[in-house]
Amino acid sequence: MERILFIGAIVILIFGPEKVPAIARTLGQWVAEFQKALHPAPPPAPLETPRPQSPARKKARPKRA
C-alpha cells in the first residue's frame, strides 16, 4: 500500500495535479485494449436464414357436368 502512495506522490510531483486524471484515463484505456486483445469476444452467432416456402398448391376442383 505504501508503494502505491509513493508512486502516486511521484506522479503528482512530475506531472502536476491537472494532468493526473488524463493520465489515469489513458492508462485505463490501454488496460482495456490489452484485455480485449487477450480475451477477444466470441464471434456473433450466424443468423438463420428462413427456408423458402413452397408455393401453396391449389387443389383441383372436380368439374361439374
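Residues numbered from 1 in each chain as written. Predicted model: local features only at pLDDT ≥ 70, side-chain atom pairs only at ≥ 80, totals over all residues. Heavy atoms only, no water.

Enquirer: Explain the overall build of the chain to me, using residue names and the numbers behind them.
Expert: Within the chain, the secondary structure is distributed over two helices and zero strands. A burial count over the chain gives 2% of its 65 residues as buried. (Helix = DSSP H or I, 4+ residues; strand = E, 2+ residues; numbered from the N terminus. Buried < 20%, exposed > 50% of the residue type's maximum accessible area, 1.4 Å probe, protein only.)

Enquirer: Residues and numbers for the pattern of salt bridges, please.
Expert: Taken as a whole and judged by the stated rule, the model has one salt bridge. For Glu 33, the salt bridge identified is with Lys 36, shortest N-O distance 4.0 Å. Linking Glu 33 with Lys 36, this pair stays in helix 2 (residues 20-38), spanning three residues, or about one helical turn. We classify Glu 33 as partly exposed; its relative accessible area is 49%. (Salt bridge = Lys/Arg side-chain N within 4 Å of Asp/Glu carboxyl O.)

Enquirer: Could you give me a rundown of helix 1 (residues 2-15), with the residues and numbers involved?
Expert: The end-to-end C-alpha separation of helix 1 is 20 Å, in line with the 20 Å expected for 14 residues at 1.5 Å each. Along helix 1, only zero of the 14 residues are buried, which leaves the element largely exposed. Note on helix 1: the residue one or two positions beyond its end, Gly 16, has a positive phi of about 90 degrees. (Expected span 1.5 Å × (residues − 1).)

This is a description of form; function is not addressed.
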